[in-house]
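The primary structure of each chain is shown beneath.
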Amino acid sequence: MDDDKYDFAAVEKKWRERWDAMGLFKTGFNAGGEKYYALTMYPYPSGVLHMGHVINYTIGDVIARYKILRGFDVLSPMGWDSFGLPAENAAIRTGVHPHAFTEKNIAKMTAQMRRAGWGFDWEREVATSHVDYYKWNQWFFLKFYERGLAVKKTAPVNWCDSCQTVLANEQVHNGECERCGSAVAQKDMSQWFFTMSRYAQRLLDGHQQLRGNYPDAVLAMQEEWIGRSEGAKIYFKVAETGDALPVFTTRPDTLFGVTFLSIAPEHPLLAKLLKGTPQERAVLDAAKKMREGGTSEKDLVDKEKVGVAAGFNVVNPVNGESVPLWVANFALMNYGTGAVMAVPAHDQRDFEFAKKYGLPVRVVIQPSGEKLVASQMTAAYAAAGELVNSGEFNGKNNVAAMSEIIRWLTENKFGEGTVNYRLRDWLISRQRYWGTPIPIIYCDKCGAVPVPEKDLPVVLPDDVQFKGEGNPLKTGASFVNCQCPQCGGAAQRETDTMDTFVDSSWYFLRYADAKNDRAPFAAEKIKRWLPVNQYVGGIEHATMHLIYARFFTMALHDLGLVDFTEPFQKLFCQGMVCKTAYRCEACKWLPADGVEFADEAAKDKTTGVVGKCQKCGGDVAAEMTKISKTKLNIVDPDALFDRFGADAVRLYMLSDAPPDRMQIWNEAGLNGAWRTLNRLRLTVREWTNSERKLSAVGENLPAPRGQADRELTQKTHQCIIAATEAIEGGSRLQGGFHFNTAIARCNELLNQFRQKMADKEAIDGATARLAIETMVKMLSPITPHFAEEMWEMLGHTESIFRSGWAVGDPQLAAEATVEIPIQINGKLRHRQEVAVNAAAAELEKSVLADATVQALIAGKTVVKIIAVPGRMVNVVVK
RNA sequence: GCGAAGUUGGCGGAACGGCAGACGCGCCGGUUUUAGGAGCCGGUGGGCAACCGUGGGGGUUCGAAUCCCCCACUUCGCACCA
């Protein structure tokens, strides 16, 4: 009958225009409603949306629309994290200025975002590379500087000698420069930090408020990142010179077992000690060698443990013993004190190091029931036991004696109990152009002088060169040379720019007052909108961005700029979008169409060899990984919008898996989403036609309140309740956002509705309308254009987003009877239809009265009966 | 190395400690004068059966995909990518 197709392109365009016209996504749409701030992590403007964005912003949009339906005054903003390395790399490669590159990308991605149907309040758009944004980064820096929260210290960077440039960890592969392949080494530079480590305990304490509102995994990762550990600081001294060399240890109980002490190769004391000694050259060379390779934690840890004797000894305060000082690459300057006491008998890493270099092993803890002999040990003994060779602590349990030992250390001034954190100060300096200039001027006379607030912003200059060597900002003569604000003499600007994580640590505050040119934001706007009610983003941000933003908010709180300490009330993290990638030993990564598959089944395999490379004929192995350009497994959202429309893509993204799981990309499922929409559309058409027929017959027809009506009404209310619960979370589905099960409930309702139509069951017009409108409404946040179109088809003249969310009635949803399983000794044996509210005693009676059950337990003794009302009965027999 | 998450049919996934496989994809068969990426009907974990089945091995329980312990594998993060 109807051979027309659903013209999604026209429908989607039509509704986007109407939403714009009606101001659906501007704050105040539900004027007077309670505020709701729905935030999604702003993207880096790479120029193309990837599937991670699609899932992220679809979830955010569904939440915003759902809250609009529930009457909230919703703020749902979008912006651009537009500073960063890629624009600068593009400038080096193609000569296009980062500014032009970035603006073009923003324009492209904005168009893509509109096509997806994500509703944002574009009047609040921010771009961090715009001077009206980064000016406030500089302003915050000055405030931090005044308070001692921004300081300058020495820290190592990845240095490529042949490119004469600092490299990001990302640009270092296996200790080599990504561009030229030459060896990378660490180099110390004086750089700016935010003293975030001061906030370690507060960040940790904040978890109490966040527990239950952030994913547990994120809190666990942040706890690990903050890395609180209790232990003691022990005052070792250099035997020859008397220099203090404190160490931090979590195992003060093993202090009598120390046989050497390790110091980080870049420890400042090392160079001082060695100065003028015969071994100076050799030890410093060895230390330098240890610093080859990148600075990332993974690079450091993966390195083989090596060391060299420094030619000095240190004195163990507890027994006065002198033990040798070693330089070791596993001693980390930025953790603890940069020196570690070594107890080979009770620490595996120390044990291995001691065996490698022939250092002594001394047992100070004996496990019960066996006796360790140092010379016969093959591994360290790290567990608990009885202290031996430990002076007055001999005979005590090492764990139980811990606090006593710490007290003793403090009383005797050998050390003190202390808490150490893994959390480091935040290194914000970047030796790059495309970032916020740090507002500091260096004067020969006055030293480092902050740029006065009235001189802000320090604008990024355009007259710079991108050669791939050094920091381009240093080539801007007009930028670098300036006057000292204090003495007026010739001075030079800081050419380091800020880490882009500074930008993203407060952008959510700026959205509340995006156009303010007198302050980063006005207090009353912050009061209205902050904190963020729901933040949505990728799990990959669990530590860095989310910790920096929390720290920044606490710092702003301490500056009196905001009156809360946690920026995000609730956090939801979607999983990675992954897809099979193909790798050929010789040709590296291949696109799927570059693989000659062994057979049809091989196309679905996600691991192991699946075929041959079309180019070289070598074996191709499949691997399931995050969608990325380098692995050639990207999916272009635009192409999907072209083929299926935004609604079908959105529906598919949410219908398959709960969004906090890893999403496995499989295009076949998209067809199914498209079909679901068509089926619903067909249903709406058929029903609106038949409804017209019905009303033409007359209103005198008795309403057929029969069995079919009751069933459909029940199913409809079940759908509303279950779908709402799946979205909201709650007792059963804790986290919420289980769109996949909400969609499944709608499908069930649709199936039942179509079944009844096909069977020509008599259904009252109002019952049918409620059912069909419920399906449309439950889907409206997910497939908004489609839902609007159906809503209109159903005779409504106003947007569905004006109609409010559906309310389920638990009484109408309730079932009268339920078929419960009957178990005999825990095994399913029979079923019985019982009243839903039948009490345990009634269940027992009716089950025992059942002939089948009697036959099953004939000749056996009933030991007990477990009856769970409404769920099951288990008869235990012997 | 450290930390996190995950592992259920051919596939994505459902399942307050209580009927394993909802819903969807795919596949198989049928159907509608039907050529569409269409609709509709039926089937679809394994096994002829009894039964067996939630990565492997133990445990707790009347009852375990679910809780506990051990192990394996996969993915993600680790501070200059954002």
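Not measured: the values here are computed from a predicted model.

K.L.:
Kindly report on helix H5 (residues 131-146), identifying the contributing residues and their values.
P.N.:
Between the first and last C-alpha of H5 there are 22 Å, a value that for 16 residues agrees with the 22 Å anticipated at 1.5 Å per step. Residues of H5 that are buried include every one of Tyr 133, Tyr 134, Trp 136, Asn 137, Gln 138, Trp 139, Phe 140, Phe 141, Leu 142, Lys 143 and Phe 144, and no others. Gly 148 lies just past H5 and shows a positive phi near 75°.

K.L.:
Help me get a handle on unusual backbone geometry, residues and values and all.
P.N.:
Cis rather than trans, the peptide bond between Leu 456 and Pro 457 has omega equal to 0°. Positionally, Pro 457 belongs in the loop between strand S22 (447-450) and helix H14 (477-480). A cis amide bond links Leu 530 to the next residue, Pro 531, at an omega of -5°. Its location among the elements puts Pro 531 in the loop between helix H17 (523-529) and strand S26 (532-538). Backbone geometry at Leu 632 places phi at a positive 55°, although glycine is not the residue there. Turning to its location among the elements, Leu 632 is positioned in the loop between strand S32 (619-626) and helix H19 (637-655).

K.L.:
Any details on empty space enclosed by the protein? Residues and values, ideally.
P.N.:
For the coordinates displayed, the defined rule picks out 5 cavities of 30 Å³ or more. Along the walls of the largest cavity sit 13 residues, with Glu 88, Ile 92, Thr 165, Arg 179 and Gly 470 positioned nearest its centre. Secondary structure elements with two or more residues in the lining of the largest cavity: helix H3 (85-94) and strand S6 (165-167). Here the lining of the largest cavity is composed, by residue class, of 4 nonpolar, 5 polar and 4 charged.

K.L.:
Tell me about the side chain of Asn 158, residues and numbers included.
P.N.:
Positionally, Asn 158 belongs in strand S5 (residues 150-160). Take Asn 158: its relative accessible area is 3%, and that puts it in the buried class. Asn 158 has contacts with Thr 165, Val 166, Leu 167, Ala 168, Asn 169, Val 172, Val 184, Ala 185, Gly 294 and Thr 295, leaving out every residue within four places of it along the chain.

K.L.:
Just give me the short version of the packing of helix H21 (residues 707-728) against helix H23 (residues 765-779), but keep the residues and values in it.
P.N.:
Interhelical geometry of H21 versus H23 gives an angle of 20° and a closest axis separation of 9 Å. Judged by the angle between their axes, H21 and H23 are roughly parallel. Crossing hand, H21 versus H23: left-handed. Contacts from Asp 709, Leu 712, Thr 713, Thr 716, His 717, Cys 719, Ile 720 and Ala 723 in H21 reach Thr 767, Ala 768, Leu 770, Ala 771, Thr 774 and Met 778 in H23. The residue makeup of the contact of H21 with H23, split by class, is 8 nonpolar, 5 polar and 1 charged.

K.L.:
Can you lay out the protein's contact with RNA strand B for me, pointing to particular residues and giving the numbers?
P.N.:
Taken together, 74 residues surround RNA strand B, and among them Asp 81, Asn 169, Arg 831, Arg 871 and Asn 874 come closest. Backbone atoms, meaning sugar plus phosphate, form 63% of the atoms of RNA strand B positioned within 4 Å of the protein. Contact between RNA strand B and Asn 874: a base oxygen at 2.3 Å from a side-chain N or O atom of the residue. Of all the elements, helix H22 (residues 739-758) adds the most residues to the surface near RNA strand B, at 8 residues. Grouping the constituent residues of the surface near RNA strand B by class yields 30 nonpolar, 19 polar and 25 charged.

K.L.:
Please give an account of the state of the cysteines that cites residues and values.
P.N.:
Throughout the structure, instances matching the rule amount to 0 disulfides. Looking at the unpaired Cys 443, the closest cysteine sulfur is the one in Cys 487, lying at 3.6 Å. On the basis of relative accessibility, which here comes to 7%, the residue Cys 443 falls in the buried class. With no disulfide of its own, Cys 573 has Cys 578 as its nearest cysteine by sulfur position, at a separation of 15 Å. For Cys 573, a relative accessible area of 4% corresponds to the buried category.

K.L.:
Which residues make up the packing of aromatic side chains, and what values go with them?
P.N.:
In this structure the tally under the stated criterion is 47 aromatic pairs. Each ring, one from Phe 144 and one from Phe 551, has its centre 6.4 Å from the other, and the planes form 75°; the classification is edge-to-face. Of the two residues, Phe 144 is situated in helix H5 and Phe 551 in helix H18 (residues 544-558); the sequence distance between them amounts to 407 residues. Of the two residues examined, Phe 144 and Phe 551, each falls in the buried class. Its guanidinium or amino end placed over the ring of Phe 479, Arg 493 lies 5.7 Å from that ring's centre, counting from NZ or CZ. Over the face of the ring belonging to Phe 29 we find Arg 802, whose NZ or CZ atom lies 3.9 Å from the ring centre.

K.L.:
Describe in detail H22, supporting the description with residues and values.
P.N.:
Between its first and last C-alpha atoms H22 spans 28 Å; for 20 residues at 1.5 Å apiece the expected length is 28 Å, and the two agree. For H22, the full list of buried residues reads Phe 739, Asn 740, Ala 742, Ile 743, Cys 746, Leu 749, Leu 750, Phe 753 and Lys 756. Remark: Lys 760 follows H22 within two positions and exhibits a positive phi of approximately 55°.

K.L.:
Which residues make up the sheet that holds strand S37 (residues 872-877), and what are the values?
P.N.:
Taken in spatial order, the 4 strands of this open sheet run S35-S34-S37-S36, and their pairing is mixed. In this open sheet, the two strands that pair with only one neighbour each are strand S35 (827-835) and strand S36 (862-868). Direction aside, the axes of adjacent strands within the sheet are offset by 20° on average. Contacts between helix H26 (residues 840-849) and the sheet are confined to strand S34 (817-824), S35, S36 and S37, with S36 contributing the most and set at about 125° to the helix.

K.L.:
Provide a residue-level description of the environment of Ala 244, including the pertinent values.
P.N.:
Secondary-structure assignment places Ala 244 in strand S11 (residues 244-249). Residues Ala 244 and Glu 819, 575 residues apart in the sequence, show an inter-C-alpha distance of 77 Å. Filtering out sequence-adjacent residues up to four positions away, Ala 244 remains in contact with Phe 236, Lys 237 and Leu 269.

K.L.:
So what about the sheet that holds S22? Which residues, and what values?
P.N.:
As summarised here, the arrangement of the 4 strands in space is S22-S21-S24-S23, forming an open sheet in which the pairing is antiparallel. The two strands at the open ends of the sheet, each matched to only one other strand, are S22 and strand S23 (481-483). With direction set aside, neighbouring strand axes in the sheet form an average angle of 40°.

K.L.:
Describe the pattern of salt bridges, with residues and values.
P.N.:
Applying the stated criterion to the full structure yields 35 salt bridges. One salt bridge connects Asp 20 with Arg 114, and the closest N-O pair in it is separated by 2.5 Å. Linking Asp 20 in helix H1 (residues 8-22) with Arg 114 in helix H4 (residues 98-115), this pair joins segments that are 94 residues apart in sequence. With a shortest N-O distance of 2.7 Å, Glu 404 and Lys 396 are connected by a salt bridge. Several salt bridges converge on common partners, so that one network encompasses Lys 14, Arg 18, Glu 789 and Glu 792.

K.L.:
I'd love a proper account of the environment of Glu 304, names of residues and values included.
P.N.:
Considering the arrangement of structural elements, one finds Glu 304 in the loop between helix H11 (297-302) and strand S13 (307-315). Using a relative accessible area of 58% as the deciding quantity, one classes Glu 304 as exposed. Apart from residues lying up to four places away in sequence, Glu 304 is in contact with Asn 329 and Lys 356.

K.L.:
Hey, could you go over the environment of Thr 102 for me, with residue numbers and the actual values?
P.N.:
Within the element layout of this structure, Thr 102 appears in helix H4. The sequence separation of Thr 102 and Tyr 44 amounts to 58 residues, and the corresponding C-alpha distance is 9.3 Å. In this structure, Thr 102 is in contact with Pro 45, Ser 82, Ala 87, Ser 129 and Trp 434, ignoring residues within four places of it in sequence.

Definitions and cut-offs
- Residues numbered from 1 in each chain as written.
- Chains lettered and ligands numbered in written order.
- Predicted model: local features only at pLDDT ≥ 70, side-chain atom pairs only at ≥ 80, totals over all residues.
- Heavy atoms only, no water.
- Helix = DSSP H or I, 4+ residues; strand = E, 2+ residues; numbered from the N terminus.
- Expected span 1.5 Å × (residues − 1).
- Buried < 20%, exposed > 50% of the residue type's maximum accessible area, 1.4 Å probe, protein only.
- 1 Å grid on protein atoms, 1.4 Å probe; cavity = no way out; pocket = protein on both sides within 12 Å on 5 of 7 lines; lining within 4 Å.
- Points joined across faces, edges and corners; volume = space filled by probe spheres on them.
- Nonpolar A, V, L, I, M, F, W, Y, C, P; charged D, E, K, R; others polar.
- Contact = heavy atoms within 4.5 Å.
- Axes fitted to C-alpha atoms, helices over the stretch in contact; angles between N-to-C directions.
- Parallel < 35°, antiparallel > 145°, perpendicular 65-115°, else oblique.
- Left-handed = near helix turned anticlockwise from the far one by under 90°.
- Near = heavy atom within 4 Å.
- Polar contact = N/O pair within 3.5 Å; in protein donor to acceptor, adjacent residues only side chain to side chain.
- Disulfide = S-S within 2.5 Å.
- Phe/Tyr/Trp six-rings, centres within 6.5 Å; stacked < 30°, edge-to-face > 60°.
- Lys NZ or Arg CZ within 6 Å of the ring centre and 35° of its normal.
- Pairing = 2+ DSSP bridges.
- Salt bridge = Lys/Arg side-chain N within 4 Å of Asp/Glu carboxyl O.

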